[in-house]
Each structure stands twice: as C-alpha cells, then as structure tokens.
Amino acid sequence: MDSKITLSFDKEVIQEAKKYAEDNNISLSRLVEFLLRKTTSGQYSSMEDYPIADWVRQVAEGPVEYQTRKKTRKDLKDEFFSSKK
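Fair warning: this is a prediction, and the values are worked out from it, not measured in the lab.

Each value, and the rule that gives it
Residues numbered from 1 in each chain as written. Predicted model: local features only at pLDDT ≥ 70, side-chain atom pairs only at ≥ 80, totals over all residues. Heavy atoms only, no water. Helix = DSSP H or I, 4+ residues; strand = E, 2+ residues; numbered from the N terminus. Buried < 20%, exposed > 50% of the residue type's maximum accessible area, 1.4 Å probe, protein only. Areas by Shrake-Rupley, 256 points an atom, 1.4 Å probe, with all protein chains shown as cover. Salt bridge = Lys/Arg side-chain N within 4 Å of Asp/Glu carboxyl O. Expected span 1.5 Å × (residues − 1). Polar contact = N/O pair within 3.5 Å; in protein donor to acceptor, adjacent residues only side chain to side chain. pLDDT = per-residue confidence, 0-100. Patch = residues over 30% accessible without salt bridge, like charges linked within 9 Å, V, L, I, M, F, W, Y side chains within 5 Å.

A. A look at the overall build of the protein. When helices and strands are tallied, the protein shows four helices and zero strands. In the protein, the succession of α and β elements from N to C terminus is α-α-α-α. Taking all 85 residues of the protein together, the buried fraction comes to 4%. Per element, the accessible surface of the protein, about 8700 Å² overall, is 54% carbon and sulfur.

Here you go:
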C-alpha cells in the first residue's frame, strides 16, 4: 500500500532527478522508493559504505563531509573569510 510523504530538496536536485526518471521511464516516486529501499536494506552500515560512482571519487577533493543542518548565510560568510586568512 502506498503512503504519501513530503520531502524538501534543492531545486537543481529535483530538476536532475525528474530528468533522470523521465529518461529511464520511471516515476520520480518510484525512483525515490528504489533508492530508499537500497539505502535501508541493511547492506550498508553507514553512508561511507554506500557505493558511489568512480567519477565522484576521482573529482572529490578532501574527505567526505555530511552536513546535518543547512548553513546560514552568516556561517558561509564566516567560513569563507576564515579560509582566506
């Protein structure tokens, strides 16, 4: 039985996901369901264990960083100026 849920994503992520779903002839809901099933299958004990594409590893700079809260404009500004010192 299907249930409804409301999620919030960055606009760019939504646009790319919609295009990907359309190109692969699947609804966005089924795509998200598939990804959630894979993620919660118990096969992975942490986000670091979850497989990512090789090209992401090749272009990544530095260690993986998972953000649990959205940074404020002030946080971003402080981070920017402290990195310039």
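B. Highlighting the pattern of salt bridges. Considering all chains together, one arrives at five salt bridges under this definition. A salt bridge links Arg37 to Glu33; the shortest N-O distance between them is 3.1 Å. Here the residue Arg37 and the residue Glu33 both occupy positions in helix 2 (residues 28-39), the gap between them amounting to four residues, near one helical turn. Each of Asp2, Arg30, Glu33 and Arg37 takes part in one network of salt bridges that share partners.

C. Molecular detail of unusual backbone geometry. The phi dihedral of Asn25 is positive, around 55°, even though this residue is not glycine. Tracing the backbone through its elements, the reader meets Asn25 in the loop between helix 1 (11-23) and helix 2.

D. The arrangement of helix 1 in detail. Spanning 13 residues, helix 1 covers 18 Å between terminal C-alpha atoms, matching the ideal 18 Å at 1.5 Å per step. One side-chain oxygen at the N-terminal end of helix 1 lies 3.0 Å from the backbone nitrogen of Glu12; it belongs to Asp10. At the C-terminal side of helix 1, Asn25 shows a positive phi close to 55°.

E. Inspection of the confidence of the model for the protein at higher detail. On average, residues of the protein score 79 in pLDDT, and 78% of them reach the 70 mark or higher. The secondary-structure element of the protein with the lowest mean pLDDT is helix 3 (residues 54-59), recorded at 53, while helix 1 shows the highest, at 88.

F. A look at a nonpolar patch on the surface. Nonpolar side chains collect at one region of the surface, where Ile5, Leu7, Phe9 and Val13 lie side by side and expose about 410 Å² of accessible area between them. Among the structural elements, Leu7 can be located in the segment before helix 1.

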